[in-house]
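# A structural walkthrough
Residue strings, one per chain:
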Amino acid sequence: MPLPDHASAAARTVIAAAAPDGRPSGIPAAPAASAPDGRFGGGQAPAVAAPPPDYLARLNSEQREAVETVDGPLLVLAGAGTGKTRVLTTRFAHILMMRRAFPNQVLAVTFTNKAAREMRERVAAILGHPAEGLWLGTFHALCARMLRRHAEYVGLTNSFTILDTDDQMRLLKQVMDAAGVDQKRWPAQGLMAIIQRWKDRGLTPARVTPQEDSDYANNRARSLYEAYQSRLKDLNTADFGDLLLHTTEILRTQPNVLAQYHRAFRYILVDEYQDTNTVQYLWLRLLAQEHKNICCVGDDDQSIYSWRGAEVENILRFEKDFPGARIVRLESNYRSTKPILAAAAGLIAKNEGRLGKTLRAGRNDADGERVKVVSLWDSEEEARMVGDAIEAAHREKFRLSEMAILVRAGFQTRAFEERLIVLGVPYKVVGGLKFYERAEIRDAMAYMRILHQPSDDLAFERIVNTPRRGIGDGALQQMHIVARDQSIPLAVAADKLAQTDAFRPKPRSALRELFEGFNRWRATMAKEGHVVAVATMLDECGYTEMWKQDKSAEAPGRLENLKELVRAIGEFETLAGFLDHVALVTENDEKSEADRVSLMTLHAAKGLEFDLVFLPGWEEGLFPHQRALDEGGTKSLEEERRLAYVGITRGRKRVVISHAANRRIYANWSAAIPSRFLDELPEDAVEREGSSSMQRQRMASAPSVFSNGPLTAARKPRVIEAGAWEVQERPARKDAMTVGTRVFHQKFGYGRVTRVDDDRLDVDFEKTGSKRVLDRFVERAQ
DNA sequence: ACCGGGCCTACACTT
DNA sequence: TAGGCCCGGT
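Note that the structure is a prediction, hence the values are computed from the model and not measured.

Further remarks concern the sheet that holds strand β6 (residues 267-270). The strand order across the open sheet formed by six strands is β3-β2-β6-β7-β1-β8, and the pairing between neighbours is parallel. Of all strands in the sheet, those bounded by a partner on one side alone are β3 (135-138) and β8 (326-330). Looking at each pair of strands side by side, their axes are set apart by 15 degrees on average, direction ignored. Across the face of the sheet, helix α3 (residues 61-68) comes into contact with β1 (74-78) and β8 while running at roughly 145 degrees to β8. Across the sheet, helix α6 (residues 139-150) lies against β2 (106-110), β3 and β6, angled at about 120 degrees from β3, the strand it touches most.

Here it is as structure tokens:
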């Protein structure tokens, strides 16, 4: 389903006019009211005759306006939980029901595969039958599909492969090596970021002006970018950014191709418009400029991808680019209780430069619990609190699958995982370690890529000595030299060298065997299909044997994964289709019915909703993230705040926010100041409390031996000054600390104050160095 | 060719 | 703490 290429005959006929593969051209005529039936209703009575269809009756007036304004540019500003997806899918179905277009004449773009799948299902539900041949997918998937048909315009063939992040980095490092760049001084990651930003803005190397060249590696970023692109072309590959960059470049420079798509797409629908970057925006504008039937749905308050090049300004530009555009605001929230909405609204109100939307509670039963803000001693206690609250809620009424822990950064999930394992609570980490990123899967994929395209040098390099064939750096270098001199793929060079006496006997015969194998497996693929071919290949090349011999604990699991991989291939008609799928799909998209608690980042949570949401780690430096504080001033701080807004608005019934006073970073503990966002929540929407151990500590005046088992207690003295945990009303300070005051902190010991900023102190601790702490957590030392 | 020890850096977010 | 990378020994 995910992929395009073999999607449907209907889709093909639209586009194939000048397709390199020589498929017949043909643009279907616009369906008239008397269009042949069977197309839409499967022979049933024409839906157009029945006013008002019940799918419209279920909408409120704002939503209905957004659905029924079919022609001309339309911008839908949709707050969180206001039925954005419903509007989009209903609109899609409405266009089809009104017979304004065939299914394949609507272009619908989403950011995630999950959103695409959901839209596809819901459109089918309204239509009453599956919609075939849709141009519905992520920007990247749609671009890949388009690029396959016009690849020759950018120097690729239609069998180009899509590189993953790992391969991108390896290739870039090779390019940098060749250019003699010192990668100690100029890390490849930095250059990759620069290149990606250029691609986000639709800049091919030729379009990067010398003034825009970054000072990276003495103004060499641009020329390195050029070399990198040229290597990609040599290898007949495209990286992620290229999918959009190349496609947009073709639309920009090939009027005949653009005209084809103008004829093909009468209506364009865009989801999550606030997250589009410049190149995506250009792509959309080019495709929409003919009919101008473009509908963009977005929420400036949920724009959280500026680091990926997203431009909220695209929303503001919409009216300029499409004069006379209608704007519809969706403001009735049907998802969350009043206190949750109030908390979210109060927080986001601190941002400036918003388009201005207010969320209204759309439900009658929307009264509910206040948002809970819990203060805890350290991150371990925070994990315990969340675990206990999950168990309690489960006993109460909530299903595990209706609970989620949403964190700022990926590594934070670990503490909660460990806790949930102890408690025996089933959970899943969404977007955590990805199946397709595991070593054994990537190895197997590399074998498949070579099977599909022998010129895939990166894949060949990966597996040439896996399993061990006695090929080391020396042999590899010889191959590279031959390949470069004769301008042939690495695998071909290796094949040639294996016919000579260039290598020692062992690697020579191993290589010969490998190439004979590839020939044989290709024949198998032609005769018996790609599933058999891959299974045979993995066995005969010695790869599965390698893991069978491996005595490590993970080996059996890896073999299981390989079986699963072969099974997954079977779901695709061709190996090429599968390879595209893997390149474009992420684990995030996977759905599972099991009753499990979800753990994920706030970014991954966008678009999802849960009855009960935990938002831990609201501490300065973590959330808002330190890098946001360091670099971008108010702009990136506001993005952090939007992220907080996204988090709160995920919850339907209950939201629990927490922060810990001490957190382990790398090896050691450091003090953490509660996030400023906590102070920004409106008081009447929240309920603040310390944990129970906090209460105990407040009363205790001596170290508690029993607080948490002997070891923990010994390591972490748990006594703190009375009142220290009252986050809500700050107790008056007995005696203000001044620079030079010698202080004692329960966790960091003795130190001297070096700076005072209201209630925040910089203290140079004798044992752990300089830290910033709240004055409530230290006491004056004698 | 391959293994293992020591050093360094990193823990943003993702199609 | 942990994973990646460089280097030296076998």
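The structure having been displayed, the exposition proceeds.
Our focus in this paragraph is the packing of α3 against helix α4 (residues 84-97). Across the interface, α3 lies against α4 with an axial gap of 8 Å and an inter-helix angle of 40 degrees. Comparing their axes, α4 and α3 come out oblique. The handedness of the crossing between α3 and α4 comes out as right-handed. Together, Q63, A66, V67 and E68 of α3 and V87, T90, R91 and H94 of α4 make up the contact between the two elements. Class assignment for the residues of the contact of α3 with α4 results in three nonpolar, three polar and two charged.

In this model, helix α5 (residues 113-127) (15 residues) spans 21 Å end to end at C-alpha, consistent with the 21 Å of a helix rising 1.5 Å per residue. Among the residues of α5, those classed as buried are N113, A116, M119, V123, A124 and L127. Taken end-on, α5 shows its buried residues confined to a sector of 130 degrees, consistent with a single buried face. At its buried positions, α5 is contacted by α4, β2, β3 and α25 (575-584). G128 occupies a position one or two residues after α5 and carries a positive phi of about 90 degrees.

A few words now on the UniProt feature "binding site: ATP" (unreviewed entry) in chain A. Residues annotated in UniProt with the feature "binding site: ATP" (unreviewed entry) correspond here to A78, G79, A80, G81, T82, G83, K84 and T85. The residue G79 is located in the loop between β1 and α4 in this model. Inspection of the secondary structure assignment puts A80 in the loop between β1 and α4. Residue A80 is classed as buried on the basis of its relative accessible area, which comes to 1%. Other than its neighbours up to four places away in sequence, A80 contacts D299, Q302, N333, R335, L359, Y645, T649 and R650.

This next bit is on the packing of helix α17 (residues 439-452) against helix α22 (residues 530-540). Direction vectors running N to C along α17 and α22 enclose 120 degrees, while the axes themselves pass 11 Å from each other. With respect to α22, the axis of α17 lies oblique. The element α17 and its partner α22 pack so that their crossing is right-handed. Facing α17, whose interface residues are A444, Y447, M448 and L451, α22 presents A533, V534, M537 and L538.

The rules behind each value
- Residues numbered from 1 in each chain as written.
- Chains lettered and ligands numbered in written order.
- Predicted model: local features only at pLDDT ≥ 70, side-chain atom pairs only at ≥ 80, totals over all residues.
- Heavy atoms only, no water.
- Pairing = 2+ DSSP bridges.
- Helix = DSSP H or I, 4+ residues; strand = E, 2+ residues; numbered from the N terminus.
- Axes fitted to C-alpha atoms, helices over the stretch in contact; angles between N-to-C directions.
- Contact = heavy atoms within 4.5 Å.
- Parallel < 35°, antiparallel > 145°, perpendicular 65-115°, else oblique.
- Left-handed = near helix turned anticlockwise from the far one by under 90°.
- Nonpolar A, V, L, I, M, F, W, Y, C, P; charged D, E, K, R; others polar.
- Expected span 1.5 Å × (residues − 1).
- Buried < 20%, exposed > 50% of the residue type's maximum accessible area, 1.4 Å probe, protein only.
- Arc of directions from axis to C-beta.
- UniProt positions renumbered as here; feature names shortened; annotations may be inferred.

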